[in-house]
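Residue-level listing of the chains:
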Amino acid sequence: MNKDYYALIMAGGVGSRFWPVSRTEYPKQFIDFFGVGKTLIQSTYERFLNICPPENIFIVTNEIYSDLIKEQLPLLTDNQILAEPLMRNTAPCIAYGSLKIAELNPNATIVVAPSDHTIANIDGFVASIEQSLAAASKNDCLITLGIKPNRPDTGYGYIQHTDYVLNTDTDLHKVKTFTEKPNLELAKSFLQSGDFLWNAGIFIWSAKAILSAFEKHLPDMYEIFNIGRSELNKAGEKEFINNAYFQCTNISIDFGIMEKAENVYVLPSDFGWSDLGTWASIYEMAEKDYVGNAVIPSEQVLMFDSSNCMVNVPKDKLVVLQGLHDYIVVENNNMLMICPRNEEQRVKEFVAEVKSRFGNKFI
């Protein structure tokens, strides 16, 4: 296993799209949605054990989740948990993590990935990451993984690539454009063109390449972190980072660097990826019975004349459903949500309304 390979897992999200199971104090990365005995972040961590040494895996998270990280990933040292004092999007957390890793190993090559995705084909995932790491370690390039689309999905960003490849040993294509979530007609045209991929939000680069990109495209942010890099991995790190984050703008790595840099390449990949953005996506990934019901867990859920439903309830709850078709049924902490699968946007609107009225008390 290559000692110069590192993983930076982003686990700071506080989203409430999976309310009432996922809430601010316990967001989706810490939940076992599929009843497999592992949470999303535990599964992500285990995937990267196939790629780099355990001491080279770092988690960046909101400081309010540091104890949850330690509880679910007890083998991590305190230095492997990067605690953000406040949310500032993906660019600051990647700048922080990349500088910290570069101080430990200037020759590091880093894969950056979210903690809350699911991967069906682990071998395919590992192969794509290792090909990208090998290329990034030898070339001054920024690599992202693109998922081959199988439908005109409006919930994902898209990457358009050219026929130009980094070299003949790889399938890394030069990126032409990034497009945020398109409307349906545009998504259909992307699918038909054959040169668009879903943006998986997984990045691979050498520490040198990404820090050079920050210095060029986000110089103010680079300077904020670089000025105190000697404090990283030492006792003064927490105080320095707390001050640094309050100076950072809220900006994504996509907008801040990937859409501006000239040396961006994409690897077309297909390893059963999902970013689990909605209950509908959980339904798509879950095992279903012969009439299309996905029930997690299923021990005490009885369904009569019901089909194509997504049901997620605590193990000790006896639930009886009758006459429901194409519904989402979720219960947690005595909070119940029932809605048609094709109207999940209404749940987001409801959660936003509750949050505006009551704060985070119920969210």
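Everything quoted here is computed from the prediction, not taken from an experiment.

A. Region of the structure containing helix α4 (residues 122–138). Given a rise of 1.5 Å per residue, 17 residues ought to cover 24 Å, and the 25 Å separating the end C-alpha atoms of α4 matches this to within 8%. Considered for burial, the residues of α4 that qualify are Gly124, Phe125, Val126, Ser128, Ile129, Ser132, Leu133, Ala135 and Ala136. The distance from a side-chain oxygen at the start of α4 to the backbone nitrogen of Asp123 is 3.3 Å, and the residue carrying that oxygen is Asn121.

B. Structural view of the nonpolar core. Within the largest apolar cluster, 49 residues are counted, with the highest numbers of intra-cluster contacts made by Leu142, Trp205, Ile210, Phe214 and Phe225. The biggest single contributor to this core is helix α3 (residues 90–104), with 8 residues. Once residues lying within four places of it in the same chain are set aside, the contact partners of Ile210 are Ile94, Ser98, Leu142, Trp205, Ile253 and Ile257.

C. Seen up close, the sheet that holds strand β16 (residues 327–332). If you trace the 4 strands from one edge of the open sheet to the other, you get β12-β14-β16-β17, paired in mixed fashion. Only two strands of the sheet have a single neighbouring strand rather than two, namely β12 (294–296) and β17 (335–340). Pairwise comparison of adjacent strand axes, ignoring direction, gives a mean angle of 5 degrees for this sheet. In this sheet, strand β14 (residues 310–312) lies alongside β12 in parallel orientation, the contact comprising 3 bridges. In the sheet register, Ile296 faces β14, and the bridge partner there is Asn312.

D. Here's a closer look at the pattern of salt bridges. Applying the stated criterion across every chain yields a total of 11 salt bridges. Measuring nitrogen to oxygen at the nearest pair gives 3.9 Å for the salt bridge that ties Lys188 to Glu185. Of this pair, Lys188 and Glu185 both sit in helix α5 (residues 184–193), 3 residues apart, roughly one helical turn. Overall, the relative accessible area of 35% leaves Lys188 in the partly exposed class. Between Glu331 and Lys317 there is a salt bridge whose closest N-O contact spans 3.6 Å. Linking Glu331 in strand β16 with Lys317 in the loop between β14 and β15 (319–322), this pair joins segments that are 14 residues apart in sequence. Residue classification places Glu331 among the buried residues on the basis of a relative accessible area of 10%. Classification of Lys317 by relative accessible area gives partly exposed; the value is 30%.

E. Structural view of the packing of aromatic side chains. Throughout the structure, instances matching the rule amount to 17 aromatic pairs. Considering the side-chain rings of Phe125 and Phe271, the 5.4 Å spacing of their centres and the 90 degrees angle between planes classify their relative orientation as edge-to-face. Linking Phe125 in helix α4 with Phe271 in the loop between β10 (264–269) and β11 (273–274), this pair joins segments that are 146 residues apart in sequence. Here the two residues Phe125 and Phe271 agree in accessibility, since each one is buried. Their ring planes at 85 degrees and their centres at 5.8 Å tell us that Phe225 and Tyr245 sit as a pair that is edge-to-face. In this pair, Phe225 sits in helix α7 (residues 219–226) while Tyr245 sits in helix α8 (residues 237–245), placing the two residues 20 residues apart along the sequence. Across the pair, Tyr245 and Phe225 agree in class, each one buried. Among the aromatic residues, those joined into a ring-pair cluster are Phe18, Phe33 and Trp279. The ring of Phe255 has Lys260 lying over it, and the distance from NZ or CZ to the ring centre is 5.7 Å. Directly above the aromatic system of Tyr283 lies the positively charged group of Lys288, at a separation of 4.8 Å from the ring centroid.

F. Structural detail: the environment of Glu353. As for its position among the elements, Glu353 is in helix α11 (residues 345–358). Glu353 sits 15 residues away from Ile338 along the chain, and the two C-alpha atoms are 17 Å apart.

G. Quick look at unusual backbone geometry. Positive phi outside glycine occurs at Asn89, with the angle close to 75 degrees. As for its position among the elements, Asn89 is in the loop between β3 (81–84) and α3. Despite not being glycine, Asn233 has its phi angle at roughly 65 degrees, a positive value. As for its position among the elements, Asn233 is in the loop between α7 and α8.

H. Region of the structure containing the pairing of β16. Counting buried positions along β16 yields 5 of 6 residues, so the element is predominantly enclosed. Of the strand pairs in this sheet, β16 and β17 are connected by 6 bridges, and their pairing is antiparallel. Looking at β17, one finds that Tyr327 is bridged to Pro340. In sequence, β16 turns back onto β17 through a hairpin of 2 residues, with Asn333 there showing a positive phi of about 50 degrees.

Here is what the cut-offs are and how they apply
- Residues numbered from 1 in each chain as written.
- Predicted model: local features only at pLDDT ≥ 70, side-chain atom pairs only at ≥ 80, totals over all residues.
- Heavy atoms only, no water.
- Helix = DSSP H or I, 4+ residues; strand = E, 2+ residues; numbered from the N terminus.
- Expected span 1.5 Å × (residues − 1).
- Buried < 20%, exposed > 50% of the residue type's maximum accessible area, 1.4 Å probe, protein only.
- Polar contact = N/O pair within 3.5 Å; in protein donor to acceptor, adjacent residues only side chain to side chain.
- Core = buried A, V, L, I, M, F, W, Y, C linked by side-chain atoms within 4.5 Å.
- Contact = heavy atoms within 4.5 Å.
- Pairing = 2+ DSSP bridges.
- Axes fitted to C-alpha atoms, helices over the stretch in contact; angles between N-to-C directions.
- Salt bridge = Lys/Arg side-chain N within 4 Å of Asp/Glu carboxyl O.
- Phe/Tyr/Trp six-rings, centres within 6.5 Å; stacked < 30°, edge-to-face > 60°.
- Lys NZ or Arg CZ within 6 Å of the ring centre and 35° of its normal.

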